[in-house]
Amino acid sequence: MYLAYTVLLAITMILALPWILVQIVAKKKFRRGFMERIGRIKYRSGPRPPGGALVWFHASSVGEVLAAMPVIRRIQAVRPDARQVLSVVTDTGYEIAREKIRELDYVFRAPLDFPWIVWKVLNSLEPACLIILETELWPGLICLTHDRGIPVLLINGRISDRTFPRYRKVAGLLKRILRRIDAVAAQSPTDADRFIRLGARPERVIASGNVKYDQPEMPLQPEDRESLLKALNASRESRIIVAGSTHEGEEEIFLSVYRRLKDDSADIKLVLVPRHLDRLDSIRVLLNDMNLEYRLHSESSPARDSRNPDILLVDKMGELTRFYALADIAFVGGSLVDIGGHNVLEPAIAGKPVLFGPHTQNFRSAVDQLLSRSAGIEVADAGDLLETLRGLLADPERCRELGSRAREVVRENSGAVIRATDLILEFIPGADAPADSAVEPKQHQRRPEDCLFESPRTPADRLLHGAACILQPVYSAAVRSRNVLYSRGVLRSHRVDVPVVSIGNLTVGGTGKTPLTLLTAGILTEYGCRPVVLMRGYGGRKGRVPELVPVDGNYRDWGDEPVMIRRELKDVPVVVCRDRFAGARWTTRNVPCDCFILDDGYQHIRLERDYNVLILDARKPISDEKILPAGRLREPVSGLSRADAVVFSHSDARCPDSRDLELIRKFNPESEIYLGNHELSGLRWAGTSRSFDLDLEGQSGGVLTAIADPDAFIRTVENLDIKICSKTIFPDHHPVSPSQWLDAVEQTTKTGGKYLFTTFKDEVRLPRNARDYKIPILVADITFRIQPEDEYREQLKSLCIRE
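These lines cover the structure that appears in this document, whether it is placed above or below. (Residues numbered from 1 in each chain as written. Predicted model: local features only at pLDDT ≥ 70, side-chain atom pairs only at ≥ 80, totals over all residues. Heavy atoms only, no water.)

### A word on helix α28 (residues 738-750)
Along its 13 residues, α28 runs 18 Å from first to last C-alpha, staying within 8% of the 18 Å computed at 1.5 Å per residue. Regarding α28, the residues found buried are Q740, W741, D743, A744, V745, Q747 and T748. Those residues of α28 hidden inside the fold are in contact with β2 (83-88), β23 (700-705), β24 (723-729), β25 (755-759), α29 (760-763) and β26 (777-787). (Helix = DSSP H or I, 4+ residues; strand = E, 2+ residues; numbered from the N terminus. Expected span 1.5 Å × (residues − 1). Buried < 20%, exposed > 50% of the residue type's maximum accessible area, 1.4 Å probe, protein only. Contact = heavy atoms within 4.5 Å.)

### Observations regarding the sheet that holds strand β1 (residues 54-59)
Reading across from one edge, β3-β2-β1-β4-β5-β6-β7 is the order of the seven strands in this open sheet, with parallel pairing throughout. The outermost strands of the open sheet, each flanked by one partner alone, are β3 (106-109) and β7 (205-207). Along the sheet, successive strands turn relative to each other by an average axial angle of 20 degrees, direction set aside. Together, β1, β2 and β3 form the strand contacts of helix α7 (residues 115-125), whose direction differs from that of β1 by roughly 145 degrees. (Pairing = 2+ DSSP bridges. Axes fitted to C-alpha atoms, helices over the stretch in contact; angles between N-to-C directions.)

### Some words on the nonpolar core
Counting residues in each nonpolar core, the largest one holds 52 residues, and the members touching the most others are L516 and Y792. At six residues, helix α22 (residues 513-526) tops the list of elements feeding residues into this core. Apart from residues lying up to four places away in sequence, Y792 is in contact with I503, L516, T520, I523, Y611, V613, Y674 and I786. By size, the runner-up hydrophobic cluster in this structure holds 37 residues, among which are V55, V107, L133 and A185. (Core = buried A, V, L, I, M, F, W, Y, C linked by side-chain atoms within 4.5 Å.)

### Points about the packing of helix α13 (residues 250-264) against helix α18 (residues 382-393)
Between α13 and α18, the shortest axis-to-axis distance is 10 Å and the interhelical angle comes to 40 degrees. By the criterion of interaxial angle, the relationship of α13 to α18 is oblique. Seen along the crossing, α13 lies across α18 with a hand that is right-handed. Across the interface between the two elements, I253, F254, V257, R260, L261 and D264 of α13 pack against A382, L385, L386, L389, R390 and L393 of α18. A class-by-class count of the residues in the contact of α13 with α18 yields nine nonpolar, no polar and three charged. (Parallel < 35°, antiparallel > 145°, perpendicular 65-115°, else oblique. Left-handed = near helix turned anticlockwise from the far one by under 90°. Nonpolar A, V, L, I, M, F, W, Y, C, P; charged D, E, K, R; others polar.)

### Description of the state of the cysteines
Scanning all chains against the criterion turns up zero disulfides. Here C529 is not cross-linked by a disulfide; its sulfur's nearest cysteine counterpart is in C595, at 3.6 Å. On the basis of relative accessible area, C529 is assigned to the buried category, the value being 7%. (Disulfide = S-S within 2.5 Å.)

### Digging into the sheet that holds strand β22 (residues 672-685)
Strand order in the open sheet formed by 12 strands is β17-β18-β16-β19-β15-β20-β21-β22-β26-β25-β23-β24, with mixed pairing between adjacent strands. Looking at strand neighbours, the two that pair on one side only are β17 (547-548) and β24, the edges of this open sheet. Where strand β15 (residues 500-504) and strand β19 (residues 595-599) come together, four bridges link them in parallel fashion. Within the sheet, the bridge partner assigned to V501 lies in β19 and is I597. Strand contacts of α22: β15, β16 (531-535), β19, β20 (611-617), β21 (645-649), β22 and β26, with the helix running at about 170 degrees to β19, the strand carrying the most contacts. Set on the sheet, helix α26 (residues 658-667) makes contact with β21 and β22; between it and β21 the angle comes to about 170 degrees.

### Observations concerning the environment of L232
Mapped onto the elements of the fold, L232 is located in the loop between α12 (222-231) and β8 (239-246). Residue classification places L232 among the buried residues on the basis of a relative accessible area of 1%. In this structure, the C-alpha to C-alpha distance between L232 and P309, residues 77 residues apart in sequence, is 7.7 Å. Setting aside residues no more than four positions away along its own chain, L232 makes contact with I240, K269, L270, V271, P309, L312 and L326.

Geometric values such as these leave the question of function open.
So this is what it looks like as structure tokens:
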């Protein structure tokens, strides 16, 4: 049965391949996290504290992520030695998890349910147990995890009225899956009975309650309340209705009802929070067609807006809880249309009157609890919704009573988190586990670019390598077509009012472009120019709109490279925006700027540039490379034709390959060629500007780094006559957690090391308590040199300095 499922899944993927390729090329959200979905996650287990264990949580979307949050926090409080990671299916769930659950060591996108992909993730994580939220019953994930002797638990389990008949049609497969689950903590006795009827062992199933009842109330702080009221142009006397998690069809119903409510009272505000932000454009069209004025939550402040709209359209993730706390009346979407409803407990926790439609099978138990206590109101249709809202708006006292009853229902049903956590703790190895059970560190982890399968090692690698070779011509054709469209003017590059110097590369992986960016910005600053570094903020949460990176910015918000550049060039502004052209336009209006340095922008042809600097690694000839996804080339080598200058980094280690020089002459004979190398400019104590000038010859030390070229950094440390006794190496941009820093320190001390060496880029992830570690952490500052530097300086001066 499981083999049949795997074959069917593979056939489905093959048939869907053309659609998938189109989506990957056309939509960024399909490209984000692709490598994680095929099993190449950026987390490695490494050494653990005594008795430490790794717990893997797996969730689907936002609702399951929020349900996992109190469980994760209690495990952290009870077992601080345990590591916790979370895989999420949807992008919105991924963003919410990264933003709200700080206790997690790592968040990643859930792998596809192919056996070889799941196997690779298990090899990387080496979990002590797998915790599945609600009904994420993936056969490959569950069966392979169980077959490796790793306990599988399902918490907050539920099977809705709609899905139960469907599951019974595949009862044979489900029985095989459920028999491999070591414990099921169901939301209700009804859910527990359904799990047993589908094949779960009765002795392994308990009804522990719904952990969503245990979500803490998040009251608004006075300043937050004032801020939200200001965004709504609302006073303290205004009546605020929040329609949360709405779906297609519900906004039209609610807006029609709202127009009629406005005829009764002018001081009514409506907050629309759609479930999926990719529907914003269609909702805006609907609002315009209905001649309703509105404001986007992120668009502008009322102080700058002469309009006074009564409708706020929320276009940010993670805001619904705050608006429920602000509301006078809350409606929970997905229930007027046949979706199954969303979490009715969120407004109930805030003590608000809860309205919902008739389609609430996803939260049947919670809805029944609210209705039985007259703590929620079910509306049948638009007419019923209108009359119910009219009655509540006219009777504030009834609103308060409904809200009070709803909060009481939540309190009476709390305690599920404790029961679920206690169950999980039974399956986490205790703190007295033998020392030899700890996982030995892996000295050199395969980095994400290694999954481009230059040297496939396993049958799974070879299979994926074959798939990559099949996809390669498709990707190549798409990139070539785009370049041709730009070169022929069908797609247009846009110019800004100041010169643009672009620094980028043709390949994925490290070539040294960030040090070259630092050098270029320093040269321009010396000439009295005011450069601005423009970046996309890879790995950070910011970037949807243009923003300046603060000097004390956090890498989780802005990405490691923007924070590193901002700290190094304190007088040079760094702007982060995923759309670099939009970021450039915003910057010219808001920031003093004489020129832009576009970091990693060689393929961003939409923004016209005046000087295109292409950096290549002299040690890795591009003539040997293949185009993605079977190689490291981002585009065909014909892309050399756009370069005004080519800089060969690491030219001190190896002269540029003659074949690369021939390619440059073939596609771009007029391009300038420079040689560059990286030099150690000094060591300093991490977290300070204080130099470290003690003699290190003959000393032992460890290395921790998460950069694209760790081997180059290791050689730099070895050139200090340091004996490297431990290596903790993560993939590029990996968000090294505090426990992973501590692990590296522990491993270094165990092997006799006196210092832990890291890079400036890694320093931005350093925990605040790093000075309390057993050994000092030293940062190796690297300077980029270019030859002939005078010519490079003169070229920059002629482009960017206005006489």
